[in-house]
Amino acid sequence: LGSGQEVGRSCHLLEFQGKKILLDCGIHPGYSGLDGLPNFDRIDPPSIDLLLITHFHLDHAASLPYFTERTGFRGRVFMTHPTKAVLRLLLQDYIRLMEIKSGADDEESSVLYTEDELQSCIKKIELIDYHSVQSVSGIKFWAYNAGHVLGAAMFMLEISGRHVLYTGDYSMEDDRHLSAAEIPSISPDVLIIESTYGVQVHPTREEREARFTGTVDRVVSGGGRCLIPVFALGRAQELLLILDEYWQANPHLHEIPIWYASKLATKALRVYQTYVNMMNVRIRAAMDLGNPFQFKFIQNLKSINVDDFDDRGPGVVFASPGMLQSGVSRKLFDRWCTDPKNGVLIAGYAVENTMAKELMKEPEEVVSLEGKRQPLNCIVEYVSFSAHVDFVQNRDFMMKVKPGRIILVHGQRHEMKRLKQAMDTQYRKEFPASERPRIDMPENTQTIKMPFTQRKDAVVMGKLADGAERRKFKKGDELKGVMFTQNFQTSICDPEDLGTYTELRVGNVSSKLHVPFVGSLATLRLFLNELFVGVTEDPQTGVFSLHSSTLLITPTTSSKLILSWNASPVADMLADAAVALIMHSQTSAASIRITSKPCNHGIREGEEKEDNKKKKKEELSPRSARLKIVNRLLLDQFSRVEADYDGGKFTVTCEKTTPPPPPPEGAEEDKMDVEEKKTVECFVTVRFEEDGSGCSVRVECEEGEQGRLVQDSLKQLATAMQPVSL
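Here is a short report on the structure shown in this document. (Residues numbered from 1 in each chain as written. Predicted model: local features only at pLDDT ≥ 70, side-chain atom pairs only at ≥ 80, totals over all residues. Heavy atoms only, no water.)

## Looking at the overall build of the protein chain
- Counting its secondary structure elements, the protein chain contains 20 helices and 32 strands.
- The 726 residues of the protein chain split such that 47% are buried.
- Of the contacts formed within the protein chain by residues at least 6 apart in sequence, a portion of 68% connects residues at least 24 apart.
- Total accessible area on the protein chain is roughly 37700 Å²; 48% of this is exposed by carbon and sulfur atoms. (Helix = DSSP H or I, 4+ residues; strand = E, 2+ residues; numbered from the N terminus. Buried < 20%, exposed > 50% of the residue type's maximum accessible area, 1.4 Å probe, protein only. Contact = heavy atoms within 4.5 Å. Areas by Shrake-Rupley, 256 points an atom, 1.4 Å probe, with all protein chains shown as cover.)

Below you can see the structure in the form of structure tokens.
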């Protein structure tokens, strides 16, 4: 959303596994009003879960109040303790500058938020310490020291086992008051890293300090005034320490004043004193002897009226802002730039579209805030104390953390491109193609999609874990429990423990279904036994039970059946099958035949013979029905079949044709032998199991081939007739 192939308005959106994280929320120093904001119109602020701020510089944090108060954002905001303390001061001053510019330009849109909105935003900020692990909606994250300014952090995020490291601005050098950035021990899947200086290599710190102090000395010793534009907090404190120490070591400069022109000076130094424990060993040791931020030769100016400022003699002024966009530093520059004795020393990174960046191009003329063109005669020097890594430091950091993918941000396009080419060359020298990370340098609003395979790991918890430890499971063993995913962590536990580890509870859904039924129970009994194994019937209530009482079918007196079961995949399938079977039993031709009554032909009611009743009962029994099917099959294949249903026996009579032997050579055609036909009888016995689970078939035949033919036919039939087994 910002700082894509540019420096300014750092803001990046991460989306993974349904979670959204915003990294930094800055403004572009080269633009004013809404033009300086990140591309918030490309996102849905209410859907953002988490916002992390790396440090207090305006290009990383100044649009935070606008985003929290004017966009519908409802997520949580985190930053370190010093960042919050300094940010409040900086943004109060930033509001003042916006209001001044708005009045001068007569543009209300220059004011992005009010003082009340800033205070409301500050109340929403939550704090995080270095190495303290926080969790929001399943997103784990923690901070490392970034070394850039006091309280600067780089954030490591963990989502569903994947790690993303965002460096923000970071420095790998110990300076006079801060320690170098830490190197995480975890190799991230994705590294989002600054590329501010591309392939540039900084001079040594000693060389930079010597050049800085030498330039200031040369200007003031020549009777000139030296302007050092700085941001009120951050690098300013480092430069003040350097210059105050240089003044102490050079008595000829003691009479030349140094002013720190900032309304925030006193408050800023108080913040630095409060968080001295987060600085390096040198400052902590100095605090035991005194306050190193109580300068001997530097005077604080809470306010400065440039028109009335007495600048007749040599002197040094630290003034904000650091890129000469407006404010005191720009007014002093407009006043002093025409005098060749004066000098401007730019000590930080200069962003495009700012006066500081224009001065580095050495123009002959500049345009003042009032729009007047005037010659640039003063000395202009650039000495970088911006606390950003150079190429060597950036390269070494990337090689040590060993990321799977690299995203370059916070750098001008040409610097990014050079860094990308240099790193590609470096990786080609040291790693095979399969181990080289891909490097991207996206533009603003460009989306990069990175596919990750889902890791299928589960942790066994509670009683189930205790039991697993006792049983000493091996690979392939079965483990039964409830699997659930919570905050991207998949776990398995005993159903009784579900309430302990989650907000879920175990419950049953009891289902009951009323099905119209006008047929006879005998028909229902027959159809159920034909389809299902192990159907039982309560002789007193007439309730049918299927699959060990998984499904109960209860007859009623109101021409309907009640099906009841506890919902489960198996029980639901059984119920569906039973409903279909019940409806079929009332409409199929077989059921009509079974339940129909023959004409009495004049026999009065009550005169039906006992043997007819017995025969009817046998016809309705599942065993008789199956034997009749066997008889029908045999009749379809063989010429004559006699059936004994009581004994389950069948006599199959068929004719076997034997071809005549080949005639001898020369035999007369009318004397050739004809085919010989032989009658063969096979005796078949079929026995069905009482529970209907199967049957046995026995065939006795003097002709083995004929007997096998009969036996194979009956075996196939028996398999087809076997009820469904669940």
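## Observations regarding helix α16 (residues 569–585)
- When the terminal C-alpha atoms of α16 are compared, their 24 Å separation across 17 residues agrees well with the 24 Å that a helix rising 1.5 Å per residue should span.
- Three or more residues of α16 are buried, namely Ala571, Leu574, Ala575, Ala578, Leu581, Ile582 and Ser585. The buried residues of α16 occupy an angular sector of 130° when the element is viewed end-on, so they sit on one face. With respect to the buried face of α16, the exposed residues turned more than 90 degrees away are Pro569 and Asp576. (Expected span 1.5 Å × (residues − 1). Arc of directions from axis to C-beta.)

## Here's the deal with the packing of helix α5 (residues 205–221) against helix α6 (residues 235–249)
- Where α5 meets α6, the closest approach of the two axes is 11 Å, and the angle between their N-to-C directions is 65°. Regarding α5 and α6, the two cross each other, and that crossing is right-handed. Side by side, α5 and α6 meet where Arg205, Glu209, Phe212, Thr213, Val216, Asp217 and Val220 of the first sit next to Glu238, Leu239, Ile242, Leu243, Tyr246 and Trp247 of the second.
- Residue classes in the contact of α5 with α6 are distributed as eight nonpolar, one polar and four charged. (Axes fitted to C-alpha atoms, helices over the stretch in contact; angles between N-to-C directions. Left-handed = near helix turned anticlockwise from the far one by under 90°. Nonpolar A, V, L, I, M, F, W, Y, C, P; charged D, E, K, R; others polar.)

## Some details on unusual backbone geometry
- The step from Ser320 to Pro321 runs through a cis peptide bond, and the omega angle for that step is 0°.
- Counting through the fold element by element, Pro321 comes out in the loop between β14 (315–319) and α9 (327–336).
- Residue Ser3 is not a glycine yet carries a positive backbone phi of 60°.
- Along the chain, Ser3 falls in the segment before β1 (12–16).

## Focus: the nonpolar core
- Phe212, Ile228, Trp247, Val316 and Phe318 are the most contacted members of the largest nonpolar core, which has 101 residues in total.
- Listed in part, the 27 residues of the second largest apolar core include Leu301, Leu332, Cys337 and Leu376. (Core = buried A, V, L, I, M, F, W, Y, C linked by side-chain atoms within 4.5 Å.)

## Thoughts on the sheet that holds strand β9 (residues 162–166)
- Strands sit in the order β6-β7-β8-β9-β10-β19-β20 across an open sheet of seven strands; the sheet is mixed. A strand with exactly one partner marks an edge of an open sheet, and here the two such strands are β6 (134–136) and β20 (438–440). Sheet twist, expressed as the mean angle between neighbouring strand axes with direction ignored, is 20°.
- One ladder, built from three bridges, connects strand β19 (residues 405–409) with β20; its direction is parallel. The partner of Arg405 across the bridge, within β20, is Arg438.
- Docked against the sheet, helix α11 (residues 391–401) engages β8 (153–159), β9, β10 (190–194) and β19, running at close to 170° with respect to β10.
- Running over the sheet, helix α12 (residues 413–430) touches β19 and β20 and is turned about 160° from β19. (Pairing = 2+ DSSP bridges.)

## Topic: the side chain of His163
- Topologically, His163 is positioned in strand β9.
- In this structure His163 touches Trp142, Met156, Leu157, Glu158, Ile186, Pro188, Asp189 and Val190, once residues within four positions along its chain are discounted.

## Examining the state of the cysteines
- Taken as a whole and assessed by the stated rule, the structure comprises zero disulfides.
- Summary of cysteine pairing: Cys25 is not part of a disulfide, and the nearest cysteine sulfur, belonging to Cys11, is at 4.9 Å.
- A relative accessible area of 0% means that Cys25 is categorised as buried. (Disulfide = S-S within 2.5 Å.)

## Details of the sheet that holds strand β24 (residues 510–516)
- Spatially, the five strands line up as an open sheet ordered β24-β28-β27-β26-β25, and their pairing is antiparallel. This sheet does not close on itself; its edge strands, each paired only once, are β24 and β25 (536–537).
- Of the pairings in the sheet, the one linking β25 to strand β26 (residues 544–546) comprises two bridges and is antiparallel in character. Within β26, the residue paired with Glu537 across the bridge is Phe544.
- Where helix α15 (residues 521–531) meets the sheet, it contacts β25, β26, β27 (551–555) and β28 (560–566), and its direction lies at approximately 15° from that of β26.
- Sheet strands touched by α16: β24, β27 and β28. Its angle to β28, the strand with the most contacts, is close to 170°.

## Here's the deal with the packing of α15 against α16
- At a minimum axis separation of 10 Å, α15 and α16 run at an interaxial angle of 135°. Between α15 and α16, the angle is such that the two are oblique. By crossing handedness, the relation of α15 to α16 is classed as right-handed. Where α15 abuts α16, its residues Thr523, Leu524, Phe527, Leu528 and Leu531 lie against Leu581, Ile582, His584 and Ser585.
- Residues belonging to the contact of α15 with α16 are distributed by class as follows: six nonpolar, three polar and no charged. (Parallel < 35°, antiparallel > 145°, perpendicular 65-115°, else oblique.)

## Digging into the pattern of salt bridges
- What the rule picks out here adds up to 27 salt bridges.
- We note a salt bridge from Glu69 to Lys124, for which the minimum N-O separation is 3.0 Å. You can see Glu69 sitting in helix α2 (residues 64–70) and its partner Lys124 sitting in helix α4 (residues 115–124), a full 55 residues away along the chain.
- Glu69 sits in the partly exposed class, given a relative accessible area of 23%.
- Linking Asp440 and Arg438 is a salt bridge whose minimum nitrogen-to-oxygen distance equals 3.3 Å.
- Asp440 sits in the buried class, given a relative accessible area of 10%.
- Connected through salt bridges with shared partners, the residues Arg176, Arg205, Glu209, Glu238, Glu245 and Arg282 form a single ionic network. (Salt bridge = Lys/Arg side-chain N within 4 Å of Asp/Glu carboxyl O.)

## Points about the packing of aromatic side chains
- A full pass over the atoms with the stated rule returns 10 aromatic pairs.
- Judged by centre distance (5.0 Å) and plane angle (70°), the ring pair of Phe78 and Phe141 falls under edge-to-face. With a gap of 63 residues between them, Phe78 in strand β4 (residues 76–79) and Phe141 in strand β7 (residues 139–145) connect regions that are remote in the sequence.
- On the basis of relative accessibility, which here comes to 0%, the residue Phe141 falls in the buried class. (Phe/Tyr/Trp six-rings, centres within 6.5 Å; stacked < 30°, edge-to-face > 60°.)

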